Every structure is written in C-alpha cells, then in structure tokens.
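Below, each chain spelled out in residue letters.
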Amino acid sequence: MAGRDPQVRAERRSAGELESEVLAALWATDRPRTPAEIQADIAGPLAYNTVHTILKRLYDKGLVLRDADGRRGAYRPAKNAAESTAEAMRAALDRGPDPIGALQRFVTGLRPEEERALRDLLAGGAG
C-alpha cells in the first residue's frame, strides 16, 4: 500500500477486535446505543461507517439487536457478556478433537478465585 504510513497500518485492528470493542461498549450500559455513541466510546480514530459496518455484522450474526422503540439505529447486545463467553467456550470445546483434555488444561490454568468458584458451582452452589 504505497503512500500509507506504516504506523497507521500497524495500529489497525482486526474485525474480531473491533467486534469485541463494540460489544464491550454495548455491555457497558443497559440501554441501546447508536453507532455515533459507540464510536465516541472506542479509543483511537474510527470512522462512523466502520462502526456501522461492525454493528451490521454483529446483527447478521445474531449478537446484537436493533432497537425499534423510536431510536432509529440504536443497538443492544442480544446476550450479556457471560452468556456470550460461555457460548464461545462451548463452541471451542465442540470444535476441538479432545474436549476433556482441553477442559483439563483450562482448569489447571485457573486463578485461585476462579477455581473456588468452579468448585462451588460443581458442588451445586451459586458461585
């Protein structure tokens, strides 16, 4: 890409990173947000059209919902952060050839407070 600053190219985020940032901005509040509001929350220069494109992709994936209650173009997450993370973890286990081995590796890497919470959950507690 002749004529482009290599520093700008190095700072570009992948679509997955941008999707995560947009979802984080939506999870940070309990009301629908417009692309302009989300753009203002995300660090670094990011075009409005880029935010809108990311929201469209997230909508197409079923990860965000478009609010039709009078706020044109406002979006909210389809699931909370914990639900989305749990689904991603389940999908990763389903894709791998050895889900039990993956769980063993995961559990051995837990921090002490996470291990305690997991033990409580497995014992039937609320965590």
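Owing to the predicted nature of the structure, the values given are computational and were not obtained by experimental measurement. (Residues numbered from 1 in each chain as written. Predicted model: local features only at pLDDT ≥ 70, side-chain atom pairs only at ≥ 80, totals over all residues. Heavy atoms only, no water.)

1. Observations regarding the overall build of the protein chain
- Per the secondary structure count, the protein chain includes seven helices and two strands.
- Starting at the N terminus and ending at the C terminus, the protein chain contains elements arranged as α-α-α-α-β-β-α-α-α.
- Going through the 127 residues of the protein chain one by one, you find that 21% of them count as buried.
- Taking all contacts inside the protein chain whose residues are at least 6 apart in sequence as the whole, residues at least 24 apart take part in 43%.
- Carbon and sulfur atoms make up 54% of the accessible area of the protein chain, which amounts to about 9100 Å² in all. (Helix = DSSP H or I, 4+ residues; strand = E, 2+ residues; numbered from the N terminus. Buried < 20%, exposed > 50% of the residue type's maximum accessible area, 1.4 Å probe, protein only. Contact = heavy atoms within 4.5 Å. Areas by Shrake-Rupley, 256 points an atom, 1.4 Å probe, with all protein chains shown as cover.)

2. Quick notes on helix α5 (residues 81-95)
- Taking 1.5 Å per residue as the helical rise, α5 with its 15 residues ought to reach 21 Å, and the 21 Å between its terminal C-alpha atoms agrees with that figure.
- The opening residue of α5 is N80, an N-cap whose side-chain oxygen sits 3.0 Å from the backbone nitrogen of A82. (Expected span 1.5 Å × (residues − 1). Polar contact = N/O pair within 3.5 Å; in protein donor to acceptor, adjacent residues only side chain to side chain.)

3. Quick notes on a nonpolar patch on the surface
- There is a patch of nonpolar side chains on the surface, built from M89, I100, L103, F106 and V107 and spanning about 440 Å² of accessible area.
- In terms of residues, the nonpolar patch owes the most to one element, helix α6 (residues 99-108), which gives four residues. (Patch = residues over 30% accessible without salt bridge, like charges linked within 9 Å, V, L, I, M, F, W, Y side chains within 5 Å. Salt bridge = Lys/Arg side-chain N within 4 Å of Asp/Glu carboxyl O.)

4. Section: the confidence of the model for the protein chain
- Looking at the protein chain, the pLDDT average stands at 87 and 86% of residues meet or exceed 70.
- Throughout residues 1-10 the model reports pLDDT below 50, and contacts reaching past four residues in sequence, or to other chains, amount to three contacts. (pLDDT = per-residue confidence, 0-100.)

5. What about the pattern of salt bridges?
- Within the structure shown, the criterion is met by ten salt bridges.
- Among the charged side chains, a network of salt bridges with common partners joins R31, R33, E37 and D41.

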